[in-house]
Amino acid sequence: MRGILATTVSFCKYTAEPIAILEQNGFEIIRDYGLKGFKDFSEEKRRSIEAIVVGLEKIDAAMMDLLPNLKIIAKHGAGMDNIDMAAAKQRNIQTCNFPGANSNAVADITLGLMLDVSRMITRADRSVRSGKWERFYGTELTGKTLSIIGFGAIGQAVAKRAMGFGMNILAYDVEKTSFDGVQFVKFEEAIARGDYITLHVPLLESTRNMINKQTIALMKKTAFIINAARGGLIDETALIAALENHTIAGAALDVFEHEQNIDPKYFTLENIVLTPHIAGFSEEAINTISIGCTTKILECCK
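Heads up: these notes are all about the structure in this document. (Residues numbered from 1 in each chain as written. Predicted model: local features only at pLDDT ≥ 70, side-chain atom pairs only at ≥ 80, totals over all residues. Heavy atoms only, no water.)

1. Observations regarding the nonpolar core
Then, number 1: Residues Ile149, Ile211, Met219, Ile225, Leu239, Ile248 and Tyr266 are the most contacted members of the largest nonpolar core, which totals 32 residues.
Then, number 2: For this core, the secondary structure elements donating two or more residues are helix 8 (187–193), strand 9 (196–199), helix 10 (236–244) and strand 11 (250–253).
Then, number 3: In this structure, Met114, Met167, Ala252 and Ala279 belong to the second largest nonpolar core, which totals 28 residues. (Core = buried A, V, L, I, M, F, W, Y, C linked by side-chain atoms within 4.5 Å. Buried < 20%, exposed > 50% of the residue type's maximum accessible area, 1.4 Å probe, protein only. Helix = DSSP H or I, 4+ residues; strand = E, 2+ residues; numbered from the N terminus.)

2. Description of the sheet that holds strand 2 (residues 27–31)
Then, number 1: The strand order 2-1-3-4-5 describes an open sheet built from five strands, whose pairing is parallel. Taken across any chain shown, the strands that pair with only one partner, and hence form the sheet edges, are strand 2 and strand 5 (94–96). Taken over all neighbouring pairs, the strand axes of this sheet differ in orientation by 20° on average, direction set aside.
Then, number 2: Where strand 4 (residues 72–75) meets strand 5, three bridges bridge the pair, whose relative direction is parallel. Bridge pairing in strand 5 places isoleucine 72 opposite glutamine 94.
Then, number 3: The strands that helix 1 (residues 17–24) touches are strand 1 (2–6) and strand 2; relative to strand 2, the one it contacts most, it runs at about 130°.
Then, number 4: Contacting strand 1, strand 2, strand 3 (49–54), strand 4 and strand 5, helix 11 (residues 283–300) crosses the sheet at an angle of about 170° to strand 4. (Pairing = 2+ DSSP bridges. Axes fitted to C-alpha atoms, helices over the stretch in contact; angles between N-to-C directions. Contact = heavy atoms within 4.5 Å.)

3. Quick notes on the pairing of strand 11
Then, number 1: What you see with strand 11 is no split at all: Gly250 and Ala252 on one side and Ala251 and Leu253 on the other are buried throughout.
Then, number 2: Inspection of the sheet shows strand 10 (residues 224–227) paired to strand 11 by four bridges, in the parallel sense. Following the sheet pairing, isoleucine 225 is matched in strand 11 by alanine 251.
Then, number 3: A crossover links strand 10 with its parallel partner strand 11, the connecting element being helix 10, and its sense is right-handed.
Then, number 4: The pairing of strand 11 with strand 12 (residues 272–274) spans three bridges and is classified as parallel. Note on strand 12: the bridge partner recorded for alanine 252 is valine 273. (Right-handed = clockwise from strand over helix to strand, strands pointing away.)

4. Structural notes on the packing of aromatic side chains
Then, number 1: Taken as a whole and judged by the stated rule, the model has six aromatic pairs.
Then, number 2: Look at phenylalanine 151 and phenylalanine 179: their rings are 5.1 Å apart centre to centre, the planes differ by 90°, and that puts the pair in the edge-to-face class. Residue phenylalanine 151 is located in the loop between strand 6 (145–149) and helix 7 (153–164), and its partner phenylalanine 179 is located in the loop between strand 7 (168–172) and strand 8 (182–184); the two are separated by 28 residues in the primary sequence. Assigned by exposure class, phenylalanine 151 and phenylalanine 179 land together as buried. (Phe/Tyr/Trp six-rings, centres within 6.5 Å; stacked < 30°, edge-to-face > 60°.)

5. Observations regarding the pattern of salt bridges
Then, number 1: By the definition in use, this model includes twelve salt bridges.
Then, number 2: Here glutamate 270 makes a salt bridge to arginine 123, at a shortest N to O gap of 3.4 Å. In this pair, glutamate 270 sits in the loop between strand 11 and strand 12 while arginine 123 sits in helix 6 (residues 121–129), placing the two residues 147 residues apart along the sequence.
Then, number 3: Overall, glutamate 270 belongs to the partly exposed group, its relative accessible area being 44%.
Then, number 4: Since its relative accessible area comes to 25%, arginine 123 is described here as partly exposed.
Then, number 5: Across the pair aspartate 195 and lysine 220 runs a salt bridge, and its minimum N-O distance is 2.9 Å. Residue aspartate 195 is found in the loop between helix 8 and strand 9, and its partner lysine 220 is found in the loop between helix 9 (213–217) and strand 10; the two are separated by 25 residues along the sequence.
Then, number 6: The class of aspartate 195 is buried, set by a relative accessible area of 11%.
Then, number 7: Linked by salt bridges that have partners in common, Arg2, Glu50 and Lys71 make up one network. (Salt bridge = Lys/Arg side-chain N within 4 Å of Asp/Glu carboxyl O.)

6. Re the pairing of strand 3
Then, number 1: Within strand 3, six of the six residues are buried, which leaves it mostly tucked inside the rest of the structure.
Then, number 2: Bridge count between strand 1 and strand 3: four bridges; the pairing is parallel. Looking at strand 3, one finds that isoleucine 4 is bridged to alanine 51.
Then, number 3: As paired elements, strand 3 and strand 4 share four bridges and run parallel to each other. Counterpart to valine 54 in the pairing with strand 4 is lysine 75.

Set out below in structure tokens:
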């Protein structure tokens, strides 16, 4: 048996075609979502695994050493911070990811979150459901300044959508890209000028806690922070304090430092919208990534 370990329910959720192709090539799909059963795998099963399709689960050196025939780790998404890349390289295990495949999905969510915090849509929904029927007076996106931190494929997709709302676009990135209608500025200027600040950078040591007490102090009191990238980009203690004290107007988070175990103080705040890391999970994006993972596995495991 040649096994492919799928740790994420997203793999082939909306299309069975990749699985059929893999099975035709002699592979068996071993599903262990969230790696909840891996510790009980037999040695025979572990030795059969030649590829992993992983979501957000941690793949470290210790796990790699339990899989002697592992050839490739395919990330069902973009960010690779949950994979020990150095360990994989040392063991000649290939890795791949698909950073552009979910750009439209993440960009859609980003604009949705901006609209939600601006017009207090979630709060209004809760009000109607509770029978209060309160009026919420929000702000418009038109004419406001959007600061995009990280101007790769997702940041660019966000810019295109924001232009449709008549927003002024600032961007910060370590690499400047020519893009009509976008002004590139330094990080501190982007933070200080933005009415909306949206994060689209990978989680690295250089970006960890890039939104912190000091950078929040640079922001407008009317600013909103949007994060649909990685939770570790924000110092959550500093953000919660800023929201409690109304140092900034609000925030919308799709990602968290400790997912599924988030700070309960978030639940006491009215000026924040919380979603469970769903930004990249459109049907179209998942299909594209599933097919991409299958292609890479077949190339590697000939």
